[in-house]
Amino acid sequence: MTYFARKIGFYLVALWAALTLNFFIPRMMPGNPVDTLMAKLQQRGGTVDPAARKAYELLLGADRSESLFQQYVSYLGNVLRGDFGVSVSAYPARVSEVIGQSLPWTIVLVGMATLISFALGLLLGTVVGWRRGSWLDSVVPATTVLAAVPYFWLALVLAALLSSTLHWFPLLGGYDVALQLGWNREFISSAVYHGTLPALTIVISSVGGWLLGMRNMMVSTISEDYMLTARAKGLRNRRIMVRYAARNAALPSIAGFATSLGFVVSGSVVTEQVFSYPGVGTRLLQAVQNNDYALMQGIFLVITVAVLGANLLVDLLYGVIDPRTRTSH
Amino acid sequence: MTNDIAPAAARPAAGNTPPEAVLTVRDLNVVYRTDPPVHAVKDVSLTLNRGEILGLAGESGCGKSTLAYAVNRLHEWPAEVTSGSVTFHDRDGGDLDLLALRDEELRRFRWAKLSMVFQGAMSALNPVISVRAQLEDVLTTHRPGMSRQERRERCAEVLRLVGVEPRRMHSFPHELSGGMRQRVMIAMALLLDPQVMIMDEPTTALDVLVQRGILREILRLRDRLGFAVVFITHDLPLLLELSDRIAVMLRGEIVEYDTAETIHRRPRHPYTRTLLDSFPSLTGDRGAFLRTGAAARSDAPGEEDAR
Amino acid sequence: MTTLEVRDLVKDFTLRSGLRRSRLRAVHRVGFTLVPGRTVALVGASGSGKSTVARMIARLEKPTSGAITAVDSAGRRVEDPRYRDHVQMVFQDPFASLNPFHSVEHHIARPLLLHGRSRGRDETRERVAQLLERVSLPAAAVMDRRPHELSGGQRQRVAIARALAPGAQVVVADEPVSMLDVSSRLGVLNLLARLQREDDLAVLYITHDLATARHFSDDILVMNRGRVVERGPADDVILGPRHPYTQLLAAAAPDPELRGRLGSAEPEPETASDRDHLTYDHFAGRWIDVDAEGTDAAAA
Amino acid sequence: MTSVIPPDRALEESPPGTGDGTAALPPTARRRGGRRALLPTWSPKLGIGLGLVVAIALFGLIGPLFTGDPDTIRNIGLTPPSGEHLLGTTQTGQDVLAQLVHATRGSLQIGLLVGVMATALSALFGIIGGYAGGFADEAFSLFSNVMLVIPGLPLVIVISGFVPADQRGSWTIAVVLAITGWAAAARVLRAQTLSLRGRDYVAAARVAGEKPWRVICVEILPNLLPLLASQFVFSVIAAILNEAGLSFLGLGASNSSTLGTMLYFAQNGFALQREAWWWFAPPGVVIAAFGCGLALINFSLDEIINPRLREAGRRRRAAAKAGRDTERVTRSTAA
């Protein structure tokens, strides 16, 4: 089980690195964010009591009374308690509340879209790779166009086509604002309806990468000796394709999930913005535009933790499906 | 040579009963449709008798593997059988024209009548599914009527036959040693009680001692179960000791085809002699390969092609 | 006269499994000497540690303990910067030991230049051509080719020329013919033997094949699981093996003369033996326990 | 492959250096290798890819010489394409074509800049770590893996958010994009370097007495070239896409105009709602075409790196050729 221990250890290190990065970025940047922040806060009618100022100084590194190390320790303490401070753009809400409201939207949207595109990509890649040398090979270069299209531009085009012109889908938002938030059928179907277009954008843009990777691995796998054994054994084609070729060819795609997930998450941040989707991507942008540094940092951390978590899950899954990871030599 | 353990019928050279063919290859031609085309197998005719071990000797690229794969139609594009016939004579009577079988018939034929053992058992076994799953695969496909319990028992039985503990079936290939993997491969080949087994360099990658153990196993199983073996290797001395008859291949053609005894004592084709001379005898005299004196000048290249 | 002395060579590999570490002893107290004009064969199965010995002598691995001392013709110890002039290696797989990117000339010219054996473009080309002729390759036709354009045997000849380029006195040949086609093996072995005679080289021939070891070397050391289990003149070791492991190896070599023994009641060999840790030394004519006596006792 | 030379000559007496060996040489250039193997084989894919990339590069390079000032404001807002304005005008009457030409140049510049920097970083961490092994490798590898799992664009957004707009220059953006974009390539390069380091020819170079830097530069690096090229192409695509995303969000370099900033203005000028497709469509088409061209080039590079993919391509061409003589019973591929 050392594989699992190693993986968990790695993600702890990565988490620590992200936290540390988050701590040092505002301290290394030019300008005085605290003053900008305070000015913003006063505009919003917030009271600038010394305690609030102190908290921001701690977060952004303008506090000179404490040593860097002391600041670092208190910062870690705050983060571990889930305390990211007060949001300026959504004053007087706390950052954790703001994130709490928008995170589920993103997780469901990006999670579903990624799963769909991953499954679709592997499936299509399996078929295209299995029939290598047929006309399907000419489909492969076409998928690169999809991968090369910027997410947000595809979102714009889809919106122009399917919303503005054809009126199939709503242009903006995550649900019908006339509805009450809640777990009822009406609300959920509205959310699905609103989420289709952003999800479609993510799926279209990312499916090509999965397809191509899977197809190339299928082609490599097909010339392996165990494929010859499988054919000599008189197994049915479908069984050979699934249990022998695809089973092995999918492994690198799963191992490379981390790389691809980063791209998808990056893309979805911008996509959310195009559709004014009520997720963390849109929130992040609002935070940047309003100099809401606390919210910015909070969202960055939450996105990072979510990505790390997803990768950890995938890595653990990989450990289960590839027996070779279980015995280290 | 004499062999008092093998049943007489299984050893054509030993018994009085006329040998009965199990596989006949007639004028087989295989061409690689590359540019320029390569004629990999040229007008090859062979007869494999029931229960015999036929050695196929030759260097890399001589077409011996191509020939073996074409028999079972395992060759893939750009290899193509251009002419000739391969006929399988079933134990229960009835001949099968292997080159004319439709895809589904061919699939049913494979492994049930003719199974194979490949060189790199490391790569010939699927690395991510267990040995048991790979053994049972064969049974679920070819014997759909078998119950789970029966399948499990049959797998354990063949593993015991090749001297592998049945509990090893839960292992994955990378957890087994090279010799063990090759034994598993042979066990797998035995599952459906085939009449012919084609072995493509089954012991080449193994250490001498492990190789010896496996060869002994193959002979023992052949004597007991009576299948015929096509044994492919570049190691002629090994074939001389192991097989009943030997075909020597050079550039796609069979240049000599005779009993092991004759090839050992009276090789006719110069290439056969070259091959024989290439293997110094362990205990015999230093022959053409003397490293001192005049013969040592024989180091000039006059060699083979790149592999 | 000795040209390379190996004493008490030990190599441990550290295996890491998570945070646990374990040691694997690949080579255990191996010692021998190489003499100009003579070939010593190191015979064993894969994993016996024979290749590790070769790689340590070629300084590709650091010994855990023990000493490898090179001595030049005047009897002086060869110190570090010149060690590689003195000791060279031929690798097992000629398809892997030549860089596909570079020409044949590059492979031989580099060691010539590195070891100050030639200067300038023309002289180097001249020397490369000479070396290629020495390994019986047509220099003009081969020089500008790339490795993939040559056959296995030809590639191995280039590799041998490369090993000769620095003017080495000791050549370690690690399974030099096991990856070659059968019919080109003897040619390459005979070439090595001729070069050895001409240059009075000391050769360490690493192989798993008892027959070529017998015919191409003067002395044989048999290794099993990191230990030398038997040593002596080639014919003594092969024709009169004393250690059970050597006996097993000799019995396992295919021999057409013994046709029929395979299927018959040939007994299953037992691999474990109470003499596993002992070395039978044909020079001394007795069993030696290197753990108790050290390798000096064995090096007759 | 069949033998070219009768092997029965192996034992024949033949004095060294006679012309005998010449005949033993197989015909040249039967298989590709050496330097030629580093060049992609010509294929329609490669042709189209190179064509797209060259065309767009020329468009951005010499285009500005033929178009007017992209910032000229006219009182003909949002006119559709016409003879005078080939791609119409923006909300403020600026010529879209002129803007597109300048923006293409900006995007290419930043893509190239980031591509070079990211590839250099990945080579540094991947190749040197992979060759050195031991602690350096462990540390470099851990570092690149951590950089890999931290999502890039959110990090860039946060960094951009902290830098005041007037201090966000092209270089700042390029450096930030390079720092967040090298890790994946480093991982690939490290794996390949590890594999090359274990090759016998590297060991042989060490035995010959080559210095480590020379082993890396002369023995290992040339064999990594196709991979490096492919990683470079990838990072250029990624950089152009990410920069466009950043500019689209209004977080790009303040002093530059790129395809992303064009889209930013189009979005803020409600080009979508006003159905001014000529404004928001062309920048995306240029990005997509350029990325597609680079990806097609990468296909050819992939075939060098992984010869099995090349086989698949050859198989298809050959199959098409063989299809003509159908009277032969093709008994192959039972599968």
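This one's a predicted model, so the numbers in the text were calculated from it and none came from an experiment.

Asks: Pulling in residues and values, what's your account of the overall build of chain C?
Replies: Each helix and strand in chain C was counted, giving 12 helices and 11 strands. What you see for chain C is a C-alpha radius of gyration of 20 Å, in line with the 19 Å of a compact globule of 300 residues. Along the first, second and third principal axes, the C-alpha set of chain C runs to 60 × 45 × 45 Å. Burial status across chain C gives 61% buried among its 300 residues. For chain C, the share of sequence-separated contacts (at least 6 apart) that also reach a separation of at least 24 residues comes to 68%. On chain C, roughly 11200 Å² of surface is accessible, and the fraction owed to carbon and sulfur atoms is 47%. Within chain C, one finds 41 positive and 40 negative side-chain charges whose respective centroids are separated by 6 Å.

Asks: Can you tell me about the packing of aromatic side chains, naming the residues and giving the values?
Replies: The final tally for this structure, using the stated rule, is 20 aromatic pairs over all chains. With a centroid separation of 5.7 Å and 20° between ring planes, the pair formed by Trp210 of chain A and Phe257 of chain A is classed as stacked. In this pair, Trp210 of chain A sits in helix H8 (residues 185-222) while Phe257 of chain A sits in helix H11 (residues 257-274), placing the two residues 47 residues apart along the sequence. Given the relative accessible area of 5%, Trp210 of chain A is considered buried. Positioned above the aromatic ring of Tyr83 of chain C is the side chain of Arg59 of chain C, whose terminal nitrogen or guanidinium carbon lies 3.8 Å from the ring centre.

Asks: Go over the packing of helix H5 (residues 152-162) of chain D against helix H6 (residues 170-181) of chain D, please, and point to the residues and values.
Replies: Residues and elements named next belong to chain D. Where H5 contacts H6, the two axes come as close as 10 Å, and the packing angle between them is 150°. It follows from the interaxial angle that H5 and H6 lie roughly antiparallel. For the crossing formed where H5 meets H6, the hand is right-handed. Taken together, the residues of H6 that come into contact with H5 (itself represented by Gly152, Leu155, Val156, Ile159 and Ser160) are Ile173, Val176, Leu177 and Thr180. Class assignment of the residues belonging to the contact of H5 with H6 gives a composition of 6 nonpolar, 3 polar and no charged.

Asks: Outline a nonpolar patch on the surface, supporting the account with residue identities and numerical values.
Replies: Residues and elements named next belong to chain D. A surface patch of nonpolar side chains, about 650 Å² in accessible area, is lined by Val54, Leu58, Leu61, Ile62, Leu65 and Phe66. Examined against the element boundaries, Phe66 turns out to sit in helix H2 (residues 44-66). Judged by relative accessible area, Phe66 falls into the exposed class, the value being 71%.

Asks: Could you give an account of the pattern of salt bridges, with specific residues and numbers?
Replies: Taken as a whole and assessed by the stated rule, the structure comprises 47 salt bridges over all chains. With a shortest N-O distance of 3.6 Å, Arg231 of chain A and Glu76 of chain B are connected by a salt bridge. With Arg231 of chain A in helix H9 (residues 225-232) and Glu76 of chain B in the loop between helix H1 (64-71) and strand E4 (79-89), this pair bridges two chains. A relative accessible area of 8% places Arg231 of chain A in the buried class. The shortest N-O distance in the salt bridge between Asp144 of chain C and Arg125 of chain C comes to 3.3 Å. Of the two residues, Asp144 of chain C is situated in the loop between helix H5 (139-142) and helix H6 (152-164) and Arg125 of chain C in helix H4 (residues 121-134); the sequence distance between them amounts to 19 residues. Here Asp144 of chain C falls in the partly exposed class, since its relative accessible area comes to 47%. The class for Arg125 of chain C is partly exposed, based on a relative accessible area of 27%. In this structure, a network of salt bridges that share partners links the residues Arg132, Glu136, Arg151 and Arg152 of chain B.

Asks: An account of the sheet that holds strand E2 (residues 38-49) of chain B is needed here, citing residue identities and associated values.
Replies: All names here are of chain B. Here 4 strands make up an open sheet; going across it, the order is E2-E1-E4-E5 and the pairing antiparallel. At either margin of the open sheet sits one strand with a lone partner, and together these are E2 and strand E5 (95-97). This sheet shows a mean twist of 5° between the axes of neighbouring strands, independent of strand direction. Where E4 meets E5, 3 bridges bridge the pair, whose relative direction is antiparallel. The residue of E5 that forms the bridge with His89 is Asp95. In this fold H1 packs onto strand E1 (21-32), E2 and E4, with an angle of close to 120° to the strand it touches most, E1.

Asks: Would you mind going over the pairing of strand E7 (residues 202-207) of chain C in detail, with residue names and values included?
Replies: Within a regular strand, side chains alternate between the sheet's two faces. Residue and element names in this part refer to chain C. Counting buried positions along E7 yields 6 of 6 residues, so the element is predominantly enclosed. Because side chains alternate across E7, one face comprises the buried residues Ala202, Leu204 and Ile206, and the other comprises Val203, Tyr205 and Thr207, equally buried. Here strand E3 (residues 39-43) runs beside E7; their pairing, made up of 5 bridges, is parallel. Each residue of the ladder has a partner; that of Val40, found in E7, is Leu204. Of the crossover connections in this fold, the one passing from strand E6 (residues 170-174) over helix H7 (residues 182-199) to the parallel E7 is right-handed.

Asks: I'd like a rundown of the pairing of strand E9 (residues 245-250) of chain B, residues and numbers included.
Replies: All names here are of chain B. Of all 6 residues in E9, 6 are buried, a share of seventy percent or more. Relative to E9, strand E3 (residues 53-57) runs parallel, the two being bridged by 4 bridges. What sits directly across from Leu54, in E9, is Arg245. In this structure, E9 lies alongside strand E10 (residues 253-259), joined through 6 bridges in antiparallel fashion. Directly across from Ile246, in E10, lies its bridge partner Asp258. What sits between the antiparallel neighbours E9 and E10 is a turn of 2 residues, in which Arg251 has the positive phi angle 45°.

Asks: Any details on the interface of chain A and chain D? Residues and values, ideally.
Replies: The interface of chain A with chain D comprises 66 residues on the first partner and 53 residues on the second. For the pair chain A and chain D, the summed buried surface comes to about 4900 Å²; carbon and sulfur atoms form 77% of the total. Contact with chain D buries surface across chain A, with Phe152, Trp153 and Leu156 of chain A losing the most and accounting together for 11% of the total. Linking chain A with chain D are 0 salt bridges, by the criterion used here. Among the secondary structure elements, those contributing two or more residues to the side of chain A that touches chain D are helix H1 (2-28), helix H6 (139-148), helix H7 (151-165), H8, helix H10 (237-255), H11, helix H12 (280-289) and helix H13 (293-321) of chain A.

Asks: So what's going on with the environment of Arg119 of chain C? Residues and values would help.
Replies: Mapped onto the fold, Arg119 of chain C is located in the loop between helix H3 (104-114) and H4. Overall, Arg119 of chain C belongs to the exposed group, its relative accessible area being 62%.

Asks: An account of the packing of H13 of chain A against H5 of chain D is requested, with residue identities and associated values reported.
Replies: Between H13 of chain A and H5 of chain D, the least distance of the axes is 10 Å, while the angle of their chain directions is 165°. With respect to H5 of chain D, the axis of H13 of chain A lies roughly antiparallel. The two elements H13 of chain A and H5 of chain D meet at a crossing, and its hand is left-handed. Residue-level inspection shows Tyr293, Met296, Gln297, Phe300 and Ile303 of chain A of H13 of chain A in contact with H5 of chain D, the latter providing Pro154, Leu155, Val158, Gly161 and Phe162 of chain D. A class-by-class count of the residues in the contact of H13 of chain A with H5 of chain D yields 8 nonpolar, 2 polar and no charged.

Asks: Just give me the short version of unusual backbone geometry, but keep the residues and values in it.
Replies: Residue and element names in this part refer to chain B. The backbone of Asp43 sits at a positive phi, close to 45°, despite the residue not being glycine. Looking at where Asp43 falls in the secondary structure, it is placed in strand E2. The phi angle at Asp193 is positive, at roughly 55°, despite the residue not being glycine. In this structure, Asp193 sits in the loop between helix H6 (178-190) and strand E7 (196-200). Relative accessible area serves as the criterion here: at 36%, Asp193 is assigned to the partly exposed category.

Asks: Now, about the sheet that holds E3 of chain C: what can you tell me, with residues and values included?
Replies: Backbone hydrogen bonds are what pair the strands of a sheet, in a parallel or an antiparallel way. All names here are of chain C. Reading across from one edge, E5-E6-E7-E3-E8-E9-E10-E11 is the order of the 8 strands in this open sheet, with mixed pairing throughout. Only two strands of the sheet have a single neighbouring strand rather than two, namely strand E5 (87-90) and strand E11 (286-288). Averaged over all adjacent pairs, the angle separating strand axes in this sheet is 20°, with direction ignored. The sheet contact formed by strand E9 (residues 227-233) and strand E10 (residues 279-281) spans 2 bridges and is parallel. Along E10, the bridge assignment pairs Glu230 with Tyr280.

Asks: Tell me about the confidence of the model for chain D, and please be specific about residues and values.
Replies: Residues and elements named next belong to chain D. On average, chain D scores 76 in pLDDT, and the residues at 70 or more come to 79%. In the model, residues 1-33 has pLDDT below 50 throughout and makes 81 contacts with residues more than four positions away in sequence or in other chains. Segment residues 316-335 is flagged for pLDDT under 50; beyond a separation of four residues in sequence, or across chains, it makes 30 contacts in the model. Predicted complex metrics record ipTM = 0.80 and pTM = 0.81.

Conventions adopted
- Residues numbered from 1 in each chain as written.
- Chains lettered and ligands numbered in written order.
- Predicted model: local features only at pLDDT ≥ 70, side-chain atom pairs only at ≥ 80, totals over all residues.
- Heavy atoms only, no water.
- Helix = DSSP H or I, 4+ residues; strand = E, 2+ residues; numbered from the N terminus.
- Rg over C-alpha atoms; globule rule 2.2 N^0.38 Å.
- Buried < 20%, exposed > 50% of the residue type's maximum accessible area, 1.4 Å probe, protein only.
- Contact = heavy atoms within 4.5 Å.
- Areas by Shrake-Rupley, 256 points an atom, 1.4 Å probe, with all protein chains shown as cover.
- Lys, Arg positive; Asp, Glu negative; His and termini not counted.
- Charge placed at Lys NZ, Arg CZ, Asp CG, Glu CD.
- Phe/Tyr/Trp six-rings, centres within 6.5 Å; stacked < 30°, edge-to-face > 60°.
- Lys NZ or Arg CZ within 6 Å of the ring centre and 35° of its normal.
- Axes fitted to C-alpha atoms, helices over the stretch in contact; angles between N-to-C directions.
- Parallel < 35°, antiparallel > 145°, perpendicular 65-115°, else oblique.
- Left-handed = near helix turned anticlockwise from the far one by under 90°.
- Nonpolar A, V, L, I, M, F, W, Y, C, P; charged D, E, K, R; others polar.
- Patch = residues over 30% accessible without salt bridge, like charges linked within 9 Å, V, L, I, M, F, W, Y side chains within 5 Å.
- Salt bridge = Lys/Arg side-chain N within 4 Å of Asp/Glu carboxyl O.
- Pairing = 2+ DSSP bridges.
- Right-handed = clockwise from strand over helix to strand, strands pointing away.
- Buried area = accessible area lost by both parts, 1.4 Å probe.
- pLDDT = per-residue confidence, 0-100.

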